Amino acid sequence: IPRMLKLAVIGALDISNRQFFKTSISMFKIRPTNLVCHGVPPIMVRDFDTISVVIPTCGRTVETLSRAVKSVKAQQYAPQEIIVVDDNKNNFLLSQELQKFCALNQLKYISSGGCGGGGARNCGITNATCKYVAFLDDDDEWLPNKLKVQLGLFTSSSIGLVYSRGYKVKVNADGTKTQTAYV
């Protein structure tokens, strides 16, 4: 990432059950690194304008993860790969369920061995094969234009990191949604 970094802000929708909000780094350009995940050196094939989506998960149900994956697959600019990083250390049954879910949905499954959220994200970066990496928490969802808008911001060589705002969304008893922006 360049020393003088410009940040760009766009909107994103983050969902966790019926009331939700989160913020984090959303997308960045890959640079060759010395990250190692379980002794495996990083993959250095980086295609032009392609996106790997990394979804770390720990202790969440497949139902929760499937909402996140559905929002990735609904993107106007489709990512080239979706990597689910299983950070469950001692829940063998849940890990088996996640593996089956990933196989059925053509997702790349990786086990990080319970190294925590940051370690799971690094493991995903290590295994990403695309030029750009976008992170999505397993209990969140994206607006359909998120990747398209963020990728468009990378046309300037001075931008190496893009992040987004989130919304707190409440699902009302009648099924309607109320959202408020936050930073």
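Above: the structure in question.
Residues numbered from 1 in each chain as written. Predicted model: local features only at pLDDT ≥ 70, side-chain atom pairs only at ≥ 80, totals over all residues. Heavy atoms only, no water.

Visitor: Mind showing me how you'd approach the overall build of the chain here?
Guide: Looking only at helices and strands, the chain has four helices and nine strands in total. Secondary structure elements of the chain, listed N to C terminal, follow the sequence β-β-β-β-α-β-α-β-α-β-α-β-β. Evaluated residue by residue, the chain yields a buried proportion of 45% over its 183 residues. Accessible area of the chain: about 9600 Å², with a carbon and sulfur share of 55%. (Helix = DSSP H or I, 4+ residues; strand = E, 2+ residues; numbered from the N terminus. Buried < 20%, exposed > 50% of the residue type's maximum accessible area, 1.4 Å probe, protein only. Areas by Shrake-Rupley, 256 points an atom, 1.4 Å probe, with all protein chains shown as cover.)

Visitor: For this particular structure, what's the right way to read the nonpolar core?
Guide: One recurring pattern in soluble globular proteins is that nonpolar side chains are buried together. Judged by nonpolar contacts, the single largest core of 24 residues is most densely connected at Val53 and Ile55. Elements represented by at least two residues in this core include exactly strand S4 (47–57), helix H1 (62–73), strand S5 (81–86), helix H2 (92–104), strand S7 (130–135) and helix H4 (146–153). Per-element accounting of this core gives the leading share, five residues, to H1. For Val53, the residues in contact, after removing those within four places along its chain, are Val72, Pro79, Glu81, Ile82, Ile83, Ala134, Leu136, Trp142 and Leu147. One finds Ile110, Ile125, Val133 and Phe135 within the second-largest nonpolar core, a separate group that totals 10 residues. (Core = buried A, V, L, I, M, F, W, Y, C linked by side-chain atoms within 4.5 Å. Contact = heavy atoms within 4.5 Å.)

Visitor: Is there a simple way to think about the pairing of strand S6 (residues 108–111) in this case?
Guide: The side chains of a regular strand alternate between both faces of the sheet. Relative to S6, S5 runs parallel, the two being bridged by four bridges. Each bridged residue has a counterpart across the sheet, and for Asp86 the counterpart in S6 is Ser111. Note that the unit made of S5, H2 and S6 has a crossover that is right-handed. (Pairing = 2+ DSSP bridges. Right-handed = clockwise from strand over helix to strand, strands pointing away.)

Visitor: Explain the state of the cysteines here, please?
Guide: Disulfides are covalent bonds that link the sulfur atoms of two cysteine residues. A complete count under the given rule lists zero disulfides for this structure. Here Cys58 stays unpaired: no disulfide links it, and the sulfur of Cys115, its closest cysteine neighbor, is 9.7 Å away. Of the residues examined, Cys58 reaches a relative accessible area of 47% and is grouped as partly exposed. Here Cys115 is not cross-linked by a disulfide; its sulfur's nearest cysteine counterpart is in Cys123, at 6.2 Å. (Disulfide = S-S within 2.5 Å.)

Visitor: Can you walk me through the side chain of Ser112 in this structure?
Guide: Tracing the backbone shows Ser112 in the loop between S6 and helix H3 (116–127). For Ser112, a relative accessible area of 4% puts it in the buried group. At 2.6 Å, the side chain of Ser112 forms a polar contact with the side chain of Asp87. (Polar contact = N/O pair within 3.5 Å; in protein donor to acceptor, adjacent residues only side chain to side chain.)

Visitor: I tried to follow H3 on my own but got confused; where do I start?
Guide: Because each turn of an α-helix spans 3.6 residues, side chains separated by three or four positions in sequence point in the same direction. Here H3 spans 17 Å end to end across 12 residues, near enough to the 16 Å set by a 1.5 Å rise per residue. Turning to H3, its buried residues number three or more, namely Ala120, Cys123, Gly124, Ile125, Thr126 and Asn127. (Expected span 1.5 Å × (residues − 1).)

Visitor: What should I look at first to understand the environment of Leu147 in this one?
Guide: Tracing the backbone shows Leu147 in helix H4. Relative accessible area serves as the criterion here: at 0%, Leu147 is assigned to the buried category.

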